[in-house]
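Chain by chain, the residues run as shown.
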Amino acid sequence: MDLEQRLEKLGRSLAEREAGHADALAAAGRRAAALHARVATALERFHEAVLTVAPQLEITLGDPRIDDKHLHAVEFELRRGRYRAVVTVKSRGQVTLVGPFREGKTEGPCRSFSFDADGELELALGDFLTEFVEKAATP
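Here is a short report on the structure shown in this document.

Conventions and cut-offs
- Residues numbered from 1 in each chain as written.
- Predicted model: local features only at pLDDT ≥ 70, side-chain atom pairs only at ≥ 80, totals over all residues.
- Heavy atoms only, no water.
- Helix = DSSP H or I, 4+ residues; strand = E, 2+ residues; numbered from the N terminus.
- Buried < 20%, exposed > 50% of the residue type's maximum accessible area, 1.4 Å probe, protein only.
- Lys, Arg positive; Asp, Glu negative; His and termini not counted.
- Charge placed at Lys NZ, Arg CZ, Asp CG, Glu CD.
- Axes fitted to C-alpha atoms, helices over the stretch in contact; angles between N-to-C directions.
- Parallel < 35°, antiparallel > 145°, perpendicular 65-115°, else oblique.
- Left-handed = near helix turned anticlockwise from the far one by under 90°.
- Contact = heavy atoms within 4.5 Å.
- Nonpolar A, V, L, I, M, F, W, Y, C, P; charged D, E, K, R; others polar.
- Salt bridge = Lys/Arg side-chain N within 4 Å of Asp/Glu carboxyl O.
- 1 Å grid on protein atoms, 1.4 Å probe; cavity = no way out; pocket = protein on both sides within 12 Å on 5 of 7 lines; lining within 4 Å.
- Points joined across faces, edges and corners; volume = space filled by probe spheres on them.
- Expected span 1.5 Å × (residues − 1).

## Quick look at the overall build of the chain
Then, number 1: Looking only at helices and strands, one finds 3 helices and 6 strands in the chain.
Then, number 2: Ordered by position in the sequence, the α and β elements of the chain form the string α-α-β-β-β-β-β-β-α.
Then, number 3: Principal-axis analysis of the C-alpha atoms gives the chain an extent of 65 × 35 × 25 Å.
Then, number 4: For the chain, the residues scored as buried account for 32% of the 139 residues in total.
Then, number 5: Distance from the positive charge centre (20 side chains) to the negative charge centre (23 side chains) of the chain: 5 Å.

## A few points about the packing of helix H2 (residues 22-50) against helix H3 (residues 118-136)
Then, number 1: Taken N-terminus to C-terminus, the directions of H2 and H3 make an angle of 45 degrees; their axes are 12 Å apart at the nearest point. It follows from the interaxial angle that H2 and H3 lie oblique. Classified by chirality, the crossing of H3 by H2 is right-handed. Contacts from Arg31, Leu35, Arg38, Val39, Ala42 and Phe46 in H2 reach Asp118, Leu121, Glu122, Leu125, Leu129 and Val133 in H3.
Then, number 2: Considering only residue class, the contact of H2 with H3 consists of 8 nonpolar, no polar and 4 charged.

## What to know about the pattern of salt bridges
Then, number 1: Under the criterion given, the structure shown has 11 salt bridges.
Then, number 2: Taking the shortest distance from any N to any O, the salt bridge between Glu103 and Arg84 comes out at 2.4 Å. With Glu103 in the loop between strand S5 (94-102) and strand S6 (110-114) and Arg84 in strand S4 (residues 83-90), this residue pair connects regions lying 19 residues apart in the sequence.
Then, number 3: Residue Arg84 is classed as buried on the basis of its relative accessible area, which comes to 6%.
Then, number 4: Taking the shortest distance from any N to any O, the salt bridge between Glu131 and Lys135 comes out at 3.5 Å. Of the two residues, Glu131 and Lys135 are both situated in helix H3; the distance of 4 residues between them amounts to about one turn of the helix.

## What about the layout of surface pockets?
Then, number 1: By volume, the largest pocket amounts to about 260 Å³.
Then, number 2: If you go around the largest pocket, you meet 18 residues; those closest to its centre are Lys69, Glu75, Val86, Val98 and Glu107.
Then, number 3: For the lining of the largest pocket, the element with the highest residue contribution is S4, accounting for 4 residues.
Then, number 4: Of the residues contributing to the lining of the largest pocket, the split by class is 4 nonpolar, 3 polar and 11 charged.

## Some words on H2
Then, number 1: For H2, which comprises 29 residues, the first-to-last C-alpha distance of 41 Å matches the rise-based estimate of 42 Å (1.5 Å per residue) to within 8%.
Then, number 2: Residues of H2 that are buried include every one of Ala28, Arg31, Ala32, Leu35, His36, Val39, Leu43, His47 and Val50, and no others.

Given below as structure tokens:
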């Protein structure tokens, strides 16, 4: 079997395995998109309040994408300078808030919430974003 045939065979096998995760991963993607929109709206308000006076405090919000560490999860990140924070939405029905942390350092702390913990997640998301902005905006 040549290289192309081997990879084609492997691709078919992996596609068959992953087909069983497609619906759950799509649900995680929808949940990540909703959380991303919520964070984007909050950051718009933050930027309106701060950017005319202190443009150096701009926070970058990345687009949702397949998670770097978890094959069956979707993530998006916030960045300012060397500071990062990550929101990971796992297909098993869990949202994890990671950070804030400095780039090149160990990620963490992490807090996880089930999809049905909307009220608790909303409060934690506010704390998470506030902590990130405060750390990232500290000289």
